[in-house]
Amino acid sequence: MHAFGLEEAGHYEAAEEAGLAALDANPDDVWAVHAVVHTHEMRGEVAEGLGSMLERQDDWGDGNLFTTHNWWHLALYALEAGDTSRALAVYDDHIHNDQAAGVPIEMLDASALLWRLLLDGTDDGGRFQSLATSWAAKSGPEPWYVFNDVHAVMAYVGAARFDDARETIDRLQRSAAGATGTNGFMATKVGIPVAEALLAFGQGRYDEAVAGLAPIRRDFHRFGGSHAQRDALKRTLIEASIRAGDKDMARALSAERLSARPRSTCNWLQRARALRASGDDAGAAAAEAHSAEHRSQFAIALAR
Ligand SMILES: [Fe+2]
């Protein structure tokens, strides 16, 4: 817990040290595995992160409450390494399939992974449809913890079930109106505007997605989850600004992301799209070359 707190506060080296100390004492402490994984994720250290996960797979890979989430982290590394097939295989085997329990804490990881594919224009092979059906089976008259509702909206939008997305947002709005509790606050300040922006993105209203996300981009943390989980929202904002033709916004945000994680291949590819959209073909080609260079190193780590 200490390691994860340090990580979310940005103290990555101290977090890794605390997490490894916990693992020395208790190698199958899946929370400690997870905290160390986050320190690598946030530093863009794909080879190190993959190495630490694969090396310890017997300690976290099945039979615990955190199995699905840690596999999700491994799938994120696979995406960074450019191996979409591997990420999808992890999705099918460990994150969501016909035998999945259908609990929100696992389905939200499924939504978050597929949403990244959607942003990159990758075919999900019908997985969004199946996931949306699973979310719908759990839906009732009351909303959940708002972080879950937003991930349900992701699945509905990805499956083009826009009416279900709308209904989920309306339910959140009804529930949050006049609410004084934490969930109501998180829904009003972040969850509802984010869900509206996701729906706008899915329907091609990219300027509305930008208008909804840009003013609250420094408040995403208020509705829970981790930096790694909320990263999907930051990517959505950049992608929406590219598609809306908001060139200055796209360039500024993609540069900001790279300054935080200069080895992220996904960030370099998004930077390339932002530069190409603003007519800088040479800059875009250089950004793509950076991505390819890092990916070739990460692919070696993934193959081990
Ligand atoms: Fe995590």
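Remember, it's a predicted structure, so these values are computed and weren't measured experimentally. (Residues numbered from 1 in each chain as written. Predicted model: local features only at pLDDT ≥ 70, side-chain atom pairs only at ≥ 80, totals over all residues. Heavy atoms only, no water.)

**So, the overall build of the protein chain**
Okay, so step 1: A count of helical and extended segments in the protein chain gives 17 helices and 0 strands.
Okay, so step 2: Since a compact globule built from 304 residues should have a radius of gyration of about 19 Å, the 19 Å found for the protein chain is in line with a globular shape.
Okay, so step 3: Taking the principal axes of its C-alpha atoms as reference, the protein chain extends roughly 50 × 50 × 35 Å.
Okay, so step 4: Residues classed as buried in the protein chain amount to 50% of the 304 residues present.
Okay, so step 5: Nonlocal contacts in the protein chain, meaning residues at least 24 apart in sequence, comprise 65% of its contacts between residues at least 6 apart.
Okay, so step 6: Surface exposure of the protein chain reaches about 12,700 Å², of which carbon and sulfur atoms provide 51%.
Okay, so step 7: Between the mean site of the 29 positive side-chain charges and the mean site of the 44 negative ones, the protein chain shows a separation of 6 Å. (Helix = DSSP H or I, 4+ residues; strand = E, 2+ residues; numbered from the N terminus. Rg over C-alpha atoms; globule rule 2.2 N^0.38 Å. Buried < 20%, exposed > 50% of the residue type's maximum accessible area, 1.4 Å probe, protein only. Contact = heavy atoms within 4.5 Å. Areas by Shrake-Rupley, 256 points an atom, 1.4 Å probe, with all protein chains shown as cover. Lys, Arg positive; Asp, Glu negative; His and termini not counted. Charge placed at Lys NZ, Arg CZ, Asp CG, Glu CD.)

**A closer look at the coordination of the iron ion**
Okay, so step 1: Surrounding the iron ion are the protein donor atoms H34 (NE2), H38 (NE2), H69 (NE2) and H73 (NE2), which sit 2.1 Å from the metal.
Okay, so step 2: Around the iron ion, the 4 donor atoms sit at angles spanning 87 to 177 degrees, and that spread fits a shape best called irregular.
Okay, so step 3: The sequence motif formed by the donor residues of the iron ion is H-x3-H-x30-H-x3-H. Separated by 4 residues within a single helix, H69 and H73 lie in helix α6 (residues 67-80), roughly one turn from each other.
Okay, so step 4: For H69, a relative accessible area of 9% translates into the label buried.
Okay, so step 5: Given a relative accessible area of 0%, H73 falls into the buried group. (Donors = N, O, S within 2.8 Å, 3.2 Å for Na, K, Ca; no water. Tetrahedral: all angles 85-135°; square planar, octahedral: opposite > 155°, others 65-115°.)

**Considerations on the environment of K247**
Okay, so step 1: If you trace the backbone, K247 turns up in helix α15 (residues 247-260).
Okay, so step 2: Counting along the chain gives 30 residues from K247 to A277, while the straight-line C-alpha distance between them is 6.9 Å.
Okay, so step 3: Apart from the residues lying within four places of it in its own chain, the contact partners of K247 are A277 and S278.

**Observations regarding the nonpolar core**
Looking at soluble globular proteins, one finds that nonpolar side chains tend to be buried together.
Okay, so step 1: With 83 residues, the main nonpolar core has I95, W115, W135 and V194 as its most contacted residues.
Okay, so step 2: At 11 residues, helix α12 (residues 182-202) tops the list of elements feeding residues into this core.
Okay, so step 3: Excluding residues within four positions of it along the chain, W135 makes contact with P104, M107, L108, S111, W144, N148, H151, A152, A155 and Y156.
Okay, so step 4: Of all hydrophobic cores here, the second largest spans 6 residues; its members include A272, L275, A284 and A287. (Core = buried A, V, L, I, M, F, W, Y, C linked by side-chain atoms within 4.5 Å.)

**Focus: helix α3 (residues 30-42)**
Okay, so step 1: Taking 1.5 Å of rise per residue, the 13 residues of α3 would be expected to cover 18 Å, and the 18 Å separating its terminal C-alpha atoms lies within 8% of that figure.
Okay, so step 2: Among the 13 residues that make up α3, 12 are buried, leaving the element largely enclosed by the rest of the structure.
Okay, so step 3: Sitting at the amino-terminal end of α3 is D29, which places a side-chain oxygen 3.0 Å from the backbone nitrogen of W31.
Okay, so step 4: G44 sits one or two positions beyond α3 and adopts a positive phi of about 70 degrees. (Expected span 1.5 Å × (residues − 1). Polar contact = N/O pair within 3.5 Å; in protein donor to acceptor, adjacent residues only side chain to side chain.)

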